[in-house]
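# Breakdown of the fold
Spelled out, the chains give:
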Amino acid sequence: RRKQGRRIKRKTQKETDTSDQASELPPRAFVFSKGKVSAPLKALVNDLKGVMSPNTARALKAQRRNKIKDFVDVAGSLHVSFFLIVSSTEQSSYLR
């Protein structure tokens, strides 16, 4: 059917499959420390990995040369939805 000489667009958006496999997966996390952290904070990181153990990378080791971008690049393929990053300064410790 035409409206004033122009066609009516019927398929303006592509149909997407709403039953996506990624939405059915539970949320996954990376737990790691950034920078120099004390021994109790390293123990905290290991405890957090244990608490979230079915849905986190238990053997993930963050090295000094790793950047946040490195973890973000890998996160997509592993279906990781969030990070728990433990860091420390002289004044305080942080969980981001």
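Located above this text is the structure these notes cover.
Below or above, wherever it landed, is the structure these notes cover. Just so we're clear, the structure is a prediction, and the values are computed from it rather than from any experiment. (Residues numbered from 1 in each chain as written. Predicted model: local features only at pLDDT ≥ 70, side-chain atom pairs only at ≥ 80, totals over all residues. Heavy atoms only, no water.)

## Points about the packing of aromatic side chains
Both the distance between ring centres and the angle between the ring planes are used here to describe each pair of aromatic rings. Throughout the structure, instances matching the rule amount to four aromatic pairs. Centre to centre, the rings of Phe32 and Phe71 are 4.1 Å apart; their planes meet at 20 degrees, and the pair counts as stacked. Here Phe71 lies in helix H3 (residues 68-78) and Phe32 lies in strand E3 (residues 29-34), a separation of 39 residues in the sequence. Neither residue differs from the other here; Phe32 and Phe71 are each classed as buried. Aromatic side chains Phe32 and Phe83 sit 6.1 Å apart centroid to centroid with 65 degrees between the ring planes, which places their arrangement in the edge-to-face category. (Phe/Tyr/Trp six-rings, centres within 6.5 Å; stacked < 30°, edge-to-face > 60°. Helix = DSSP H or I, 4+ residues; strand = E, 2+ residues; numbered from the N terminus. Buried < 20%, exposed > 50% of the residue type's maximum accessible area, 1.4 Å probe, protein only.)

## Description of the sheet that holds strand E5 (residues 93-95)
Spatially, the three strands line up as an open sheet ordered E3-E4-E5, and their pairing is mixed. Since the sheet does not close on itself, it has two edges, and those belong to E3 and E5, each with one partner. Each strand of the sheet is rotated relative to its neighbour by a mean of 10 degrees, with strand direction disregarded. Relative to E5, strand E4 (residues 82-88) runs antiparallel, the two being bridged by three bridges. When the bridges of E5 are listed, Ser88 appears paired with Ser93. Set on the sheet, H3 makes contact with E3 and E4; between it and E3 the angle comes to about 165 degrees. (Pairing = 2+ DSSP bridges. Axes fitted to C-alpha atoms, helices over the stretch in contact; angles between N-to-C directions. Contact = heavy atoms within 4.5 Å.)

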